[in-house]
Amino acid sequence: MEAPAAGPGGAERYFTRWYKPDVKGRPCEDFCVLQHSNRICVITLAEAHPLLQSGKTIKSINYQISANCSRLQNKVSGKSKRGAQFLTELAPLCRISSSDGEEYTIYSCIRGRLIEVNENILSNPTLLQEKPSTEGYIAVVLPKFEESKSITQGLLTQKEYEEVLLKRRNSSS
């Protein structure tokens, strides 16, 4: 007897996936923005990101972006999210080092206020690889209300992203 097919999870049901491939011209460094209907966006690694490929082990995750800027110092309060750090599309969120010596900078991909960073991945980095679009998310960003419709300009839909992946596979073979 076959097990019943599982229905869509929370990420598939309530979020629209948008993709940003080759961020800052770096091949395969792709990010995924999960946009909720209430305009909150969750920043995650896209499936093709080098950190999610087999054989990669995450050594460390660092939210300290510069000497004066740590994403962990982001303190948000109230309905208007006072105190949230404002991010541009290419604002770095964190740096991730892998055991092979590579370092990857994770960017926000959208403009908005940083609502929270995922501190759970600091103590359990494997969440990033095992559950990238749920518990292994990187950050939550809230775009300005008036920009919430336009933030997806420059991002790809799931179908467009799959076409990019197909072109990559065809050009590498």
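Everything here concerns the structure above.
Keep in mind the model is a prediction, meaning the values are calculated, not measured. (Residues numbered from 1 in each chain as written. Predicted model: local features only at pLDDT ≥ 70, side-chain atom pairs only at ≥ 80, totals over all residues. Heavy atoms only, no water.)

A.B. asks: How do you make sense of the pattern of salt bridges when you look at a structure like this?
C.D. replies: Side-chain pairs of opposite charge can arise whenever the charged atoms involved come near each other. Summed over all chains, the structure comprises seven salt bridges. Put simply, R168 and D22 hold a salt bridge, and the shortest N to O gap is 2.8 Å. Here the residue R168 occupies a position in helix α4 (residues 158–172), and D22 occupies one in the loop between β1 (15–20) and β2 (31–36), the gap between them amounting to 146 residues. With a relative accessible area of 31%, D22 lands in the partly exposed category. Members of the salt-bridge network, linked through shared partners, are D22, D30 and R168. (Salt bridge = Lys/Arg side-chain N within 4 Å of Asp/Glu carboxyl O. Helix = DSSP H or I, 4+ residues; strand = E, 2+ residues; numbered from the N terminus. Buried < 20%, exposed > 50% of the residue type's maximum accessible area, 1.4 Å probe, protein only.)

A.B. asks: I'm lost on the sheet that holds strand β11 (residues 139–142) in this one. Help?
C.D. replies: By way of backbone hydrogen bonds, the strands of a sheet pair with one another, either parallel or antiparallel. An order of β1-β2-β3-β11-β10-β7 is seen for the six strands of this open sheet, with the pairing classed as antiparallel. Across the chains shown, the open sheet's two edge strands, defined by having one partner strand only, are β1 and β7 (86–87). Alignment of strand β3 (residues 41–45) against β11, held across three bridges, turns out to be antiparallel. Counted as the bridge partner of C41 is V141 from β11. (Pairing = 2+ DSSP bridges.)

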